[in-house]
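One-letter residues, chain by chain:
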Amino acid sequence: MSTAPAQASSAQVGMWITERMGRAGSAYRMPLLVTFDGLLDAPRLVRACEALIRRHPVLSTAIEERDGVPVEVPGAPPSVDVTLAGDVDDLVREEILRPFDIGRGPLARFRLARVGPARHVLIIVAHHLVFDGESKDILVRDLAALYNGSPVTPLQGTYADHAAAERERVAGLLGDACEFWRSRWREPADVILRDLSAPAVRPGRSRGAEEGAVHAFLGDLRHVPDAGGAPGAPGFSRFELFLASVHALLFAYGNADPVCAVDMSTRTPETRDHIGLFVNELPVASTPSPRMTLAELAAWLRTELRRMYRFRPVPLARAVRGLRPRTAMAPVSVSYRRRGSAPEFAGLRATVEWALFNRSVRSVLHIQAVDGPDGLDVTLQYNPRTLSGVTQIAKDLTTIMKNPDSALGDILSGDGRAEPAGLADEIRVIWQEVLGIDEIGDDEDLFDLGGHSLTITQIIARMRKRLGIEVPLDVFFDTPTIAGVVESVEHPESTSASTSASTSEAVPVRDSGAAPANASGTASGTASVRDSGTALARAGRGPGDMDGSR
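Residues numbered from 1 in each chain as written. Predicted model: local features only at pLDDT ≥ 70, side-chain atom pairs only at ≥ 80, totals over all residues. Heavy atoms only, no water.

(A) Spatial organisation of the overall build of the chain. Looking only at helices and strands, the chain has 15 helices and 18 strands in total. For the chain, with 550 residues in total, the buried portion stands at 56%. Restricting to contacts in the chain with at least 6 residues of sequence separation, those with at least 24 account for 77%. Roughly 22,900 Å² of accessible area belongs to the chain as shown, and the carbon and sulfur atoms make up 50% of that amount. (Helix = DSSP H or I, 4+ residues; strand = E, 2+ residues; numbered from the N terminus. Buried < 20%, exposed > 50% of the residue type's maximum accessible area, 1.4 Å probe, protein only. Contact = heavy atoms within 4.5 Å. Areas by Shrake-Rupley, 256 points an atom, 1.4 Å probe, with all protein chains shown as cover.)

See the structure below:
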């Protein structure tokens, strides 16, 4: 039997090259956070993590070069560290910013932080080389089963087996794929977006990932039944309607021939339960017209995608000659995946942050959507040096999704245009959600409305996640009105005197980054109390969440 190392998969090769060129930043680091409330059996969870690592050996591999070819080799297995945490956000930031050793591993790390007697947080960061969006669901599902003592079905094959089988499929499809892309591929033009403050860099000229910012909002596609279901179902899926909405948005902003880079799942029935990298980023273009409805555009994209799916395992660089290496296939990229209900951990209330931002962007705008039981979680991850006004982009995209039967030329014009959202209105929506009150005036007192300290922390958390701003707790006690909070955000210097008990100012979360406090982490079983720091924007995912599973 040959003991030669297995060749890396096509997707791994592309990422490995980007890492070798020093252009990846933290873009390929995929964080996942699970918060446990209740009496957690910590040793039992650690054993469950170790069993999960053994169940998915790809987490214990590394990628190194042998005779000019990147190959999969045994790497250092991930450790499960246990620590105390005074500030979880600071610890999460440290784990995201800590680099991986691609050639030696480990390419995943687990840290269990004890926040209090009845609260623990499990921080998992995996490199995209061995992980994708759907791997998050698999990891949490398997971890819950192992913690609960439930049986898990043995897995067949390895990631290396998948990579070998995929190379055979690609070889058989390559000729037809070249013909398919010959008539479709064109270098994406500079994108036109609302409030694009600087010329966008085309993917072919991109110098790599950059520090990014994030804006999160809630949408809902649950009213849209998937195609092929009950009689009367539309001729498109939720994913296709969402993608059509992004194309319609670009068209409304002046892009005559919109193109998006879309993350396509390459999973097969044999690999659906495996953790690993099973994605391929491909460009999807359209030629809308003002008279076309959103539903018609979604149906057209469905037909085009069905043609493209046959070639989804084929890397574009193999099918298009002369394609330059790039960190993103187009200035605007999209990832979408469906997610079921989170599994239960016995005796605990577990909360999963599925779309934690990794602080880097590969494109001008990456739109990530996770379609779950509670609605559509959408995050806009963007380069703040070239793009502002993402709040309005979010409102416009929401308006488009709600109007599938409207002509594209009418949705964002006249009565259909989404009015620019002021900061007061955005904050008001959050207050209404937390307090359960329909109408709240700018000068109404939070405490008179039934608010209290826990209410304030919930409002601060939602403002941090959705609006990307951090407001000190003192502001809500000194000026407990929407108008007062807006004033503290827009003019922090004028409120600093009244909040002298806190030296913090209301600042965008993205401006609060800090270097890792301790690159080596904490040894398993030891305790380390961290100083509190500025909160991390817990929204979005890095460009690495390239699942695309429908």
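(B) Focus on unusual backbone geometry. The omega torsion across G105 and P106 is -5°, close enough to zero to call that bond cis. Mapped onto the elements of the fold, P106 is located in the loop between α3 (88-97) and β6 (108-116). Unusually for a residue other than glycine, D67 sits at a positive phi of about 55°. Tracing the chain through its elements places D67 in the loop between β3 (61-66) and β4 (69-74). D67 gets classed as exposed once you look at its relative accessible area, which sits at 83%.

(C) The arrangement of helix α4 (residues 133-148) in detail. Over its 16 residues, α4 extends 24 Å from the first C-alpha to the last, a length consistent with the 22 Å expected when each residue adds 1.5 Å. Burial runs high along α4: 13 of the 16 residues are buried. At the N-terminal end of α4, a side-chain oxygen is found 3.3 Å from the backbone nitrogen of E134, two or three residues along, and the residue is D132. Positive backbone phi, approximately 80°, marks G149, located one or two places after α4. (Expected span 1.5 Å × (residues − 1). Polar contact = N/O pair within 3.5 Å; in protein donor to acceptor, adjacent residues only side chain to side chain.)

(D) Examining the pairing of strand β9 (residues 213-219) more closely. Burial analysis of β9 places six of its seven residues in the buried class, which makes it a mostly covered element. Bridge count between β9 and strand β16 (residues 375-382): seven bridges; the pairing is antiparallel. Among the inter-strand pairings, F217 is bridged to a residue of β16, identified as V378. (Pairing = 2+ DSSP bridges.)

(E) Representation of the sheet that holds strand β11 (residues 279-285). Taken in spatial order, the six strands of this open sheet run β9-β16-β15-β12-β10-β11, and their pairing is mixed. Of all strands in the sheet, those bounded by a partner on one side alone are β9 and β11. The average angle at which neighbouring strand axes cross in this sheet is 20°, direction not considered. Here seven bridges tie strand β12 (residues 332-338) to strand β15 (residues 365-372), and the two strands are oriented parallel to one another. Its bridge partner lying in β15, S335 is registered against Q368. Where helix α6 (residues 238-252) meets the sheet, it contacts β10 (259-265), β11, β12, β15 and β16, and its direction lies at approximately 160° from that of β12. (Axes fitted to C-alpha atoms, helices over the stretch in contact; angles between N-to-C directions.)

(F) Layout of the packing of helix α2 (residues 42-55) against α4. For the pair α2 and α4, interaxial distance at closest approach is 9 Å and the crossing angle is 125°. Taken together, the axes of α2 and α4 are oblique relative to one another. Between α2 and α4 lies a crossing whose hand is right-handed. Facing R44, L45, A48, C49, A51, L52 and R55 of α2, the residues of α4 in contact are L139, D142, L143, L146, Y147 and N148. In terms of residue class, the contact of α2 with α4 is made up of nine nonpolar, one polar and three charged. (Parallel < 35°, antiparallel > 145°, perpendicular 65-115°, else oblique. Left-handed = near helix turned anticlockwise from the far one by under 90°. Nonpolar A, V, L, I, M, F, W, Y, C, P; charged D, E, K, R; others polar.)

(G) Fine view of the sheet that holds strand β5 (residues 80-84). Spatial strand order, β5-β6-β7-β2-β13: five strands in an open sheet with mixed pairing. Here the strands that pair on one side only, and so sit at the sheet edges, are β5 and β13 (349-353). Sheet twist, expressed as the average angle between the axes of neighbouring strands with direction ignored, equals 20°. Inspection of the sheet shows β6 paired to strand β7 (residues 119-127) by eight bridges, in the antiparallel sense. The residue of β7 that forms the bridge with R114 is H120. Contacts from α4 reach β2 (29-37), β6, β7 and β13, with the element oriented near 30° to β2.

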